[in-house]
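Survey of secondary and tertiary structure
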Amino acid sequence: MSLTQLRSRGILDGTISAGDLASGVGGKVLQVVQTSITNNETTTSTSFVATTVSVSITPTSASNKVLILLTSGFWSGGSDQLFLQLRRGSSTVVAPYTGSAGATTTANAMTMFNGSLGTRAKESWNYNFLDSPATTSATTYACYWKVNAGTGKLGKWDHNDDFGAVNTITAMEISAW
């Protein structure tokens, strides 16, 4: 038997609007958009270039936040380092930090992968970022990457391309408080 009505003491039959609720009821997930990519990418670029890992979301209110969840597999060989950025449109929202001596460090970085752990190294990577895009326009979040030297691979955990990884990026709109 399905429930079509709910009666409660002091609440009339019908719908309850947001105005009927107590203030401070934000923080709810309003929508979820996800992209899963199974293709593999390789880069030798020493400047940030786009990957195919991206997702678009259209917030319903400019005061809402967007939670980005990113899961991927990366491979880097030798002593190569792999750097990642998260961008909202053309704006970088999270990137590796370059210290005062000019050396790139992991401080404030999405990730910095150093393959110097051996002749070849691989990493499964998860990242979360809560953004305040302040818009109701369609907004695209994308992963950019570069290497300091050599080769980096996205979606692969092996130098021979034997083992693949699904790259997933999820955008969740979170209601304002």
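Quick caveat, the model's predicted, so the values are computed rather than measured.

Its place among the elements puts Thr44 in the loop between strand 2 (41-43) and strand 3 (49-57). The class of Thr44 is exposed, set by a relative accessible area of 55%. With 104 residues separating them in the primary sequence, Thr44 and Asn148 have C-alpha atoms 8.4 Å apart. Contacts of Thr44, omitting those with residues within four sequence positions, involve Val147, Gly150 and Thr151.

With that settled, consider the nonpolar core. By size, the foremost hydrophobic cluster in this structure holds 22 residues, and its most contacted members are Val53, Ile68, Leu70, Phe74, Leu84, Tyr141 and Ile169. Elements with a minimum of two residues in this core: strand 3, strand 4 (65-77), strand 5 (81-88), strand 10 (120-131), strand 11 (139-147) and strand 13 (167-174).

In this section: the side chain of Glu41. Within the element layout of this structure, Glu41 appears in strand 2. Of note is the side chain of Glu41, whose polar atom sits 2.5 Å from the side chain of Thr52. Ignoring anything within four residues of it in the chain, the contact list for Glu41 reads Ala50, Thr51, Thr52, Val53, Trp145, Gly152, Lys153 and Leu154.

Here is what the cut-offs are and how they apply
Residues numbered from 1 in each chain as written. Predicted model: local features only at pLDDT ≥ 70, side-chain atom pairs only at ≥ 80, totals over all residues. Heavy atoms only, no water. Helix = DSSP H or I, 4+ residues; strand = E, 2+ residues; numbered from the N terminus. Buried < 20%, exposed > 50% of the residue type's maximum accessible area, 1.4 Å probe, protein only. Contact = heavy atoms within 4.5 Å. Core = buried A, V, L, I, M, F, W, Y, C linked by side-chain atoms within 4.5 Å. Polar contact = N/O pair within 3.5 Å; in protein donor to acceptor, adjacent residues only side chain to side chain.

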